[in-house]
Amino acid sequence: MEVEQAQAVPMDRDAWVFHMRKEFCPEEMVEENGDLNQDYFQPKSTDDESLKWNEEDDKRLRAGIQKFGIGMWDGIKTEFLPIWVHVSTYIVL
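What comes next is a walk through the structure. Quantities reported herein were computed from a predicted structural model and do not represent experimental measurements.

As for a negative patch on the surface
Here is step 1: Side chains of Glu27, Glu28, Glu31, Glu32, Asp35 and Asp39 sit close together on the surface and give a patch of like negative charge.
Here is step 2: Mapped onto the elements of the fold, aspartate 39 is located in the loop between helix H1 (13-24) and helix H2 (55-68).
Here is step 3: Here aspartate 39 falls in the exposed class, since its relative accessible area comes to 61%.

So, the nonpolar core
Proteins that are soluble and globular tend to have nonpolar side chains buried together.
Here is step 1: If you look at the biggest cluster of nonpolar residues, it comprises five residues: Leu61, Ile76, Phe80, Leu81 and Trp84.
Here is step 2: In contact with leucine 81, not counting residues within four places along its chain, are Trp53, Asp57, Arg60, Leu61, Trp73 and Ile76.

Overview of the environment of tryptophan 53
Here is step 1: With respect to the element layout, tryptophan 53 can be found in the loop between H1 and H2.
Here is step 2: With 31 residues separating them in the primary sequence, tryptophan 53 and tryptophan 84 have C-alpha atoms 9.7 Å apart.

Rules of the game
Residues numbered from 1 in each chain as written. Predicted model: local features only at pLDDT ≥ 70, side-chain atom pairs only at ≥ 80, totals over all residues. Heavy atoms only, no water. Patch = residues over 30% accessible without salt bridge, like charges linked within 9 Å, V, L, I, M, F, W, Y side chains within 5 Å. Areas by Shrake-Rupley, 256 points an atom, 1.4 Å probe, with all protein chains shown as cover. Salt bridge = Lys/Arg side-chain N within 4 Å of Asp/Glu carboxyl O. Lys, Arg positive; Asp, Glu negative; His and termini not counted. Charge placed at Lys NZ, Arg CZ, Asp CG, Glu CD. Helix = DSSP H or I, 4+ residues; strand = E, 2+ residues; numbered from the N terminus. Buried < 20%, exposed > 50% of the residue type's maximum accessible area, 1.4 Å probe, protein only. Core = buried A, V, L, I, M, F, W, Y, C linked by side-chain atoms within 4.5 Å. Contact = heavy atoms within 4.5 Å.

The analysis is restricted to geometry; functional conclusions fall outside its scope.
This is the structure we're talking about:
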């Protein structure tokens, strides 16, 4: 007794990519035409005043650099800037 195998219809590359994006990506990441929504990948802005860098944070950063040295961001954030531990930050020194 032979079992018939279902024949898959081959997709072209673009159709396959579109299908995979729709299947596995968050809805807001993919536009209706299958393109990636570039805004999805941009850093999210915040209006939360407590998460805006200020002079006190600058002083704490400098103290942390004096204690831990340049490039030791994890120690600086943990001890001197705990509010920033779970926030992605980009600082040019």
